[in-house]
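Each chain is listed here by its residues.
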Amino acid sequence: MPVPSSLDHRVTEYSLPHAYWLAQASDLAYKDESTIEDQARKWGFDRVRHHLSRFTPPFPLQDTQAFTAAGDHMIITAFRGTEPAQIRDWLSDATTPPWPGPGKTGYVHYGFGEALESVFPDVKKTIAEFRTSGQTVWFTGHSLGGALAMLAGARLYLEEPRLRADGVCTFGQPRTCDRLLAAAYNKGFKQRMYRFVNNNDIVPQLPPEPAYTHVDALRYIDSNGRIRESTSFLGGLADRAKGLTADAFAPASDGVRDHSMRRYIAALEKNLA
């Protein structure tokens, strides 16, 4: 299965080639607006809208950014992430109160709830406006962006069912919600949610359990760069230990290196080669 040379706008379900393009969209979310617009047009999207909200201290993430790109058959909303050191410090703060979950289901980390709320009304309005011919809708993002993509999918599913996304694909997503919301999400997004985690990536290990948990559908990238659909607890521990020893001079930095969006894209390319 070679690396796809172009994005297939008629895809209606998850596939590894489509995950590759959603990874590219997640990476594109880090770029400036003109770069995003130019690249989206090259990918075949004729409409692009940017979503931006700026915060003032003490909110630690400063702003939330995303873009929505639409064509005749597909709409993609990609949320921008943040630096691993910044999000790690923020998610480690145990004093942060919970934020009510979508549709009054469970709860989410306060920072995620606040960050998404700042742009979600515009995202929802844009999707409703752009979805003129039954296009498929996909949410994606890396790091913080992955958490926001997952929660945006949850909000549409639980609050606006008519706009429910066809799929969500995240990369290096942190734990986002409690078990109640995760269970509802797993039910509604079975075979439509895919959460990629690269070996020792530090961000998916935060915030700590048991207060917060992950949704299902893990796609684990092992220390050799192979994507696994499942892995045992002990097997995962052994593989992460192997990843830590890959760089004898800086083993502690492996969790930050593995969080890089470029590493996720490289792994997808390797598995498609």
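So, here's what we can say about the structure. Everything quoted here is computed from the prediction, not taken from an experiment.

A few words now on the side chain of arginine 155. As for its position among the elements, arginine 155 is in helix α6 (residues 144–159). For arginine 155, a relative accessible area of 17% puts it in the buried group.

Further remarks concern the pattern of salt bridges. Across all of its chains, the model carries 14 salt bridges by this definition. Between aspartate 27 and lysine 31 there is a salt bridge, and its shortest N-O distance comes to 3.6 Å. Measuring nitrogen to oxygen at the nearest pair gives 3.2 Å for the salt bridge that ties aspartate 166 to arginine 131. You can see aspartate 166 sitting in the loop between α6 and β7 (167–171) and its partner arginine 131 sitting in the loop between α5 (120–130) and β6 (136–142), a full 35 residues away along the chain. A residue is classified by how much of its surface remains accessible, and arginine 131, at 22% relative accessible area, is partly exposed.

Here we take up the environment of leucine 22. Its location among the elements puts leucine 22 in helix α1 (residues 16–28). Sequence separation between leucine 22 and glycine 141 is 119 residues, and the spatial gap between their C-alpha atoms is 8.0 Å. Non-local contacts of leucine 22, meaning those with residues more than four positions away in its chain, are made with Ile76, Trp138, Thr140, Cys169 and Phe171.

Let us look at the nonpolar core. Of all hydrophobic cores here, the largest spans 35 residues; its most connected members are Phe79, Phe139 and Tyr185. For this core, the secondary-structure elements that each account for two or more residues are β2 (63–70), β3 (74–79), α4 (110–117), α5, β6, α6 and α7 (179–188). Top contributing element to this core by residue count: α6, with 10 residues. Listed in part, the 33 residues of the second largest apolar core include Val11, Phe196, Ile265 and Ala267.

This paragraph deals with the packing of aromatic side chains. Taken as a whole, this structure holds 10 aromatic pairs when the rule is applied. Taking 5.6 Å as the distance between ring centres and 80° as the angle between the ring planes, the aromatic pair formed by tryptophan 21 and tryptophan 43 counts as edge-to-face. Here tryptophan 21, found in helix α1, pairs with tryptophan 43, found in the loop between α2 (33–42) and β1 (47–54); they are 22 residues apart in sequence, far enough to count as distant. On the basis of relative accessibility, which here comes to 9%, the residue tryptophan 21 falls in the buried class. Both rings, one in phenylalanine 171 and one in phenylalanine 196, keep their centres 5.2 Å apart while their planes meet at 20°; by these two values the pair is stacked. Separated by 25 residues along the polypeptide, phenylalanine 171 in strand β7 and phenylalanine 196 in strand β8 (residues 193–198) bring together distant segments of the chain. When sorted by exposure, phenylalanine 171 lands in the same class as phenylalanine 196, which is buried. Aromatic ring contacts, followed pair by pair, group Tyr20, Trp21 and Trp43 into a single cluster. Taking the ring centre of phenylalanine 189 as reference, the NZ or CZ of arginine 192 above it sits at 4.5 Å.

Moving on to the pairing of β3. Within β3, six of the six residues are buried, which leaves it mostly tucked inside the rest of the structure. Because side chains alternate across β3, one face comprises the buried residues Met74, Ile76 and Ala78, and the other comprises Ile75, Thr77 and Phe79, equally buried. Relative to β3, β2 runs antiparallel, the two being bridged by five bridges. Paired with alanine 70 across the two strands is isoleucine 75, which belongs to β3.

For the rest of this paragraph, the subject is the side chain of threonine 140. Along the chain, threonine 140 falls in strand β6. Of the polar contacts made by the side chain of threonine 140, one reaches the backbone oxygen of leucine 22; its length is 3.3 Å. The contact partners of threonine 140, leaving out residues within four places of it in the chain, are Leu22, Ala25, Ser26, Ile76, Thr77, Ala78, Phe79, Gly145, Ala149, Cys169 and Phe171.

Attention now moves to α6. Spanning 16 residues, α6 covers 22 Å between terminal C-alpha atoms, matching the ideal 22 Å at 1.5 Å per step. Among the 16 residues of α6, 14 are classified as buried, and the element is accordingly described as predominantly covered.

Another point: the pairing of strand β9 (residues 218–221). By the bridge criterion, four bridges tie β8 to β9 in an arrangement that is parallel. Following the sheet pairing, phenylalanine 196 is matched in β9 by arginine 219. Remark: five residues form the turn of the hairpin made by β9 and strand β10 (residues 227–228), two consecutive strands paired antiparallel; glycine 225 in that turn has positive phi of roughly 85°.

Cut-off values and rules
- Residues numbered from 1 in each chain as written.
- Predicted model: local features only at pLDDT ≥ 70, side-chain atom pairs only at ≥ 80, totals over all residues.
- Heavy atoms only, no water.
- Helix = DSSP H or I, 4+ residues; strand = E, 2+ residues; numbered from the N terminus.
- Buried < 20%, exposed > 50% of the residue type's maximum accessible area, 1.4 Å probe, protein only.
- Salt bridge = Lys/Arg side-chain N within 4 Å of Asp/Glu carboxyl O.
- Contact = heavy atoms within 4.5 Å.
- Core = buried A, V, L, I, M, F, W, Y, C linked by side-chain atoms within 4.5 Å.
- Phe/Tyr/Trp six-rings, centres within 6.5 Å; stacked < 30°, edge-to-face > 60°.
- Lys NZ or Arg CZ within 6 Å of the ring centre and 35° of its normal.
- Pairing = 2+ DSSP bridges.
- Polar contact = N/O pair within 3.5 Å; in protein donor to acceptor, adjacent residues only side chain to side chain.
- Expected span 1.5 Å × (residues − 1).

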